[in-house]
Amino acid sequence: MNIFNDLFLLQRLDHLIRTRATGNPVRLAGRLDVCERTVYRLINKLRDAGLPIAYDKETETYYYEQPVQIRIDIQVNGDCLLRINGGIKLNLNFGEPLTIFGSDGSELCNVLRPMRAG
């Protein structure tokens with residue numbers, strides 16, 4: 001498991017849902033570089049966590065039924081190593097592993113650049 005890959009996968013999925021650009025589950029799997037079954041698992045886990053995700057059969061896309069805001073910050077000694085912002089607020093429990101995202105995320109993981117908190 002690579003937590004940064006999982007977080008980037010979450011960021012990419014959130015962006016696609018927010019912009020109603022997921023396409024059907026097969027196309028979404030291709031965009032995220034995961035299998036179709038993983039897409040269903042991701043969506044169901046996010047729904048179970050309280051995100052109001054719905055699917056529009058007419059336009060073949062997932063969308064949020066209500067406004068959603070996702071923000072994840074990872075800081076070390078005041079330096080922000082990673083900041084993910086999305087769009088109800090989502091509080092992630094970092095005491096548990098992020099196994100729900102389950103992908104290798106190779107296309108999503110770019111270079112992490114430290115940013116000064118502020």
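Structure: see above.
1. Overview of unusual backbone geometry
Here is step 1: The backbone of D33 shows a phi angle near 60 degrees, a positive value even though the residue is not glycine.
Here is step 2: Among the structural elements, D33 can be located in the loop between α2 (25-32) and α3 (36-48).
Here is step 3: One non-glycine residue, E60, lies in the positive phi region at around 50 degrees.

2. Side note on the packing of helix α1 (residues 3-18) against α2
Here is step 1: As a packed pair, α1 and α2 sit with axes 11 Å apart at the nearest point and diverge in direction by 140 degrees. With respect to α2, the element α1 is oriented oblique. Handedness of the α1/α2 crossing: right-handed. Here L9, R12, L13 and L16 of α1 come into contact with α2, specifically with L28, R31 and L32.
Here is step 2: For the contact of α1 with α2, the per-class residue count stands at five nonpolar, no polar and two charged.

3. Topic: the pairing of strand β1 (residues 53-56)
Here is step 1: Alignment of β1 against strand β2 (residues 61-64), held across four bridges, turns out to be antiparallel. Bridge pairing in β2 links A54 to Y63.
Here is step 2: As consecutive antiparallel partners, β1 and β2 are separated by four residues, and within that stretch E60 has a phi angle of approximately 50 degrees, a positive value.

4. With respect to the pattern of salt bridges
Here is step 1: With the rule as written, the count across this model stands at two salt bridges.
Here is step 2: Of the charged contacts, one joins D14 and R18 as a salt bridge, the two residues approaching to 2.6 Å between their closest N and O atoms. Here D14 and its partner R18 are both found in helix α1, four residues apart, which amounts to about one turn of the helix.
Here is step 3: When its relative accessible area of 6% is taken as the criterion, D14 is described as buried.
Here is step 4: Put simply, E60 and R27 hold a salt bridge, and the shortest N to O gap is 2.6 Å. Here R27 lies in helix α2 and E60 lies in the loop between β1 and β2, a separation of 33 residues in the sequence.

5. Observations regarding the packing of aromatic side chains
Here is step 1: Taken as a whole and assessed by the stated rule, the structure comprises one aromatic pair.
Here is step 2: Here the basic side chain of R20 rests over the ring of Y63, its NZ or CZ set 4.1 Å away from the ring centre.

Reading the values: the criteria
Residues numbered from 1 in each chain as written. Predicted model: local features only at pLDDT ≥ 70, side-chain atom pairs only at ≥ 80, totals over all residues. Heavy atoms only, no water. Helix = DSSP H or I, 4+ residues; strand = E, 2+ residues; numbered from the N terminus. Axes fitted to C-alpha atoms, helices over the stretch in contact; angles between N-to-C directions. Parallel < 35°, antiparallel > 145°, perpendicular 65-115°, else oblique. Left-handed = near helix turned anticlockwise from the far one by under 90°. Contact = heavy atoms within 4.5 Å. Nonpolar A, V, L, I, M, F, W, Y, C, P; charged D, E, K, R; others polar. Pairing = 2+ DSSP bridges. Salt bridge = Lys/Arg side-chain N within 4 Å of Asp/Glu carboxyl O. Buried < 20%, exposed > 50% of the residue type's maximum accessible area, 1.4 Å probe, protein only. Phe/Tyr/Trp six-rings, centres within 6.5 Å; stacked < 30°, edge-to-face > 60°. Lys NZ or Arg CZ within 6 Å of the ring centre and 35° of its normal.

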